[in-house]
Amino acid sequence: NWNGKKLLEQFLPSVVKNSPEATVYLADNASSDDSISFVTSEFPTIQIIKNAWNFGFAQGYNEALKEVDAEIFALVNSDVEVTPNWLQPIIETFQNYPQTAIIQPKILDYKRKDYFEYAGAGGGFIDKFGYPFCRGRIFETIEKDLGQYNDNCEIFWASGACFFIRSSVFKELNGFDIDFFAHQEEIDLCWRAKNKKYSIKYNGSSTVYHIGGATLNDENPKKTFLNFRNSLFMLTKNLPKEKLFKILLIR
């Protein structure tokens, strides 16, 4: 959270109500509004972690998760509504597949609940030029949810909007790369997990709704800059050396 009291008012109730298996934390990036006092008074069971600065997504989570003792981390954006029984299918997948390190649920659009949402949709993949895409979302084309992605399958990357990871793997990989600040750091983390032979899965039995763009909207030039810069940065870090020059040149 960063100065997101309105989002917390709107979305925290669903997280608290539908997550009896979890301990809920608020990771706050040095908000200057009354987010913390609101959560303290309205949701006294939530544990609050106060970061010293607005570290962005990547370092913000890295700092906050140092304070969390759990086997599984569920990283949930402040603009996400969760549904009843959203956690159980994820927990079962982790239990049944020990090599699975990261899982993403089905992500639908909060504003149009029968459509997939841009950030993650039915699971993330990457093309040969390093462009990320999702089942249910190719560039600006968004599919309606007709049950076509109600499966459980291997994916390349999981959306940071609702991102489950084993804490042991998060620590092994030293968390998110803080140079990303925000955007595509989750793809970089997934790629690094893949390079370590870990599995990343999508579980269509768990559903959440995401507004998207609530922190930086699509027209924001900083969002555009971060997306392009971080995509190239990620390729430089993770591509095999023999492929790097050719693909960077094309991009």
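Quick look at the overall build of the chain now. Of regular secondary structure, the chain possesses eight helices and twelve strands. Taking 18 Å as the expected radius of gyration for a compact globule of 251 residues, we find that the chain reaches 17 Å, a close match to that expectation. In terms of overall dimensions, the chain has C-alpha extents of about 55 × 40 × 35 Å along its principal axes. Within the chain, the proportion of its 251 residues that are buried is 51%. Look at the contacts in the chain between residues 6 or more apart in sequence, and 72% of them connect residues 24 or more apart. Total accessible area on the chain stands at roughly 12600 Å², and carbon and sulfur atoms take up 54% of it. Side chains of the chain carry 28 positive and 31 negative charges; the gap between the two charge centres is 6 Å.

Burial analysis of strand E5 (residues 100–109) places ten of its ten residues in the buried class, the great majority of the element. Pairing of E5 with strand E12 (residues 199–210) involves nine bridges; the strand directions are parallel. Residue pairing in the sheet places Lys106 in a bridge with Thr207 of E12.

Let us look at a nonpolar patch on the surface. Together, Tyr131, Ile138 and Phe139 make up a nonpolar patch on the protein surface, roughly 300 Å² of accessible area in all. By the secondary structure assignment, Phe139 is in the loop between strand E8 (137–138) and strand E9 (141–142).

What follows deals with the state of the cysteines. A covalent bond between the sulfur atoms of two cysteines is referred to as a disulfide. All told, the structure shown has zero disulfides when counted by the stated rule. Summary of cysteine pairing: Cys190 is not part of a disulfide, and the nearest cysteine sulfur, belonging to Cys134, is at 11 Å.

Attention now moves to helix H7 (residues 221–238). Over its 18 residues, H7 extends 26 Å from the first C-alpha to the last, a length consistent with the 26 Å expected when each residue adds 1.5 Å. If you check which residues of H7 are buried, you get Lys223, Leu226, Asn230, Ser231, Met234, Leu235 and Asn238. Buried residues of H7, viewed axially, fall in a sector of 155°; they line one side. Exposed residues lying more than 90 degrees from the buried face of H7 are Pro221 and Phe228. On its buried face, H7 is in contact with strand E6 (124–126), helix H6 (185–195) and helix H8 (241–250).

The next thing to look at is unusual backbone geometry. With phi around 60°, Asn174 is a residue other than glycine that occupies positive phi space. Within the secondary structure layout, Asn174 lies in the loop between helix H5 (167–172) and H6. The backbone phi angle of His183 is positive, close to 85°, even though this residue is not glycine. When you line up the elements, His183 lands in the loop between H5 and H6.

Further remarks concern the side chain of Ser206. Topologically, Ser206 is positioned in strand E12. Taking the relative accessible area as the measure of exposure, Ser206 reaches 0% and is therefore buried. A polar contact of 2.7 Å, which involves the side chain of Ser206, links it to the backbone oxygen of Trp86. Discounting chain neighbours no more than four positions away, the residues touching Ser206 are Trp86, Pro89, Ile90, Pro105 and Lys106.

Time to look at the packing of aromatic side chains. Going through the model one piece at a time under the given rule, you end up with 14 aromatic pairs. Centre to centre, the rings of Phe116 and Tyr149 are 5.4 Å apart; their planes meet at 65°, and the pair counts as edge-to-face. One end of the pair, Phe116, is in the loop between E5 and E6; the other, Tyr149, is in the loop between E9 and strand E10 (152–154), and 33 residues separate them in sequence. For Tyr149, a relative accessible area of 14% gives the class buried. Measuring from centroid to centroid gives 5.9 Å for Phe163 and Phe176, while their planes differ by 55°, and the two rings are tilted. With Phe163 in strand E11 (residues 162–166) and Phe176 in the loop between H5 and H6, this pair connects stretches of sequence that are 13 residues apart. Each member of the aromatic cluster is reached from another via a ring pair, and the members are Phe57, Tyr61, Phe73, Phe163, Phe170 and Phe176. The lysine or arginine in question, Arg112, covers the ring of Tyr115, its NZ or CZ lying 3.9 Å from the ring centre. Directly above the ring of Tyr209 sits Lys113, whose terminal nitrogen or CZ lies 4.6 Å from the centroid.

What counts, and at which threshold
- Residues numbered from 1 in each chain as written.
- Predicted model: local features only at pLDDT ≥ 70, side-chain atom pairs only at ≥ 80, totals over all residues.
- Heavy atoms only, no water.
- Helix = DSSP H or I, 4+ residues; strand = E, 2+ residues; numbered from the N terminus.
- Rg over C-alpha atoms; globule rule 2.2 N^0.38 Å.
- Buried < 20%, exposed > 50% of the residue type's maximum accessible area, 1.4 Å probe, protein only.
- Contact = heavy atoms within 4.5 Å.
- Areas by Shrake-Rupley, 256 points an atom, 1.4 Å probe, with all protein chains shown as cover.
- Lys, Arg positive; Asp, Glu negative; His and termini not counted.
- Charge placed at Lys NZ, Arg CZ, Asp CG, Glu CD.
- Pairing = 2+ DSSP bridges.
- Patch = residues over 30% accessible without salt bridge, like charges linked within 9 Å, V, L, I, M, F, W, Y side chains within 5 Å.
- Salt bridge = Lys/Arg side-chain N within 4 Å of Asp/Glu carboxyl O.
- Disulfide = S-S within 2.5 Å.
- Expected span 1.5 Å × (residues − 1).
- Arc of directions from axis to C-beta.
- Polar contact = N/O pair within 3.5 Å; in protein donor to acceptor, adjacent residues only side chain to side chain.
- Phe/Tyr/Trp six-rings, centres within 6.5 Å; stacked < 30°, edge-to-face > 60°.
- Lys NZ or Arg CZ within 6 Å of the ring centre and 35° of its normal.

In short, the description is geometric, and any link to function would need to be established separately.
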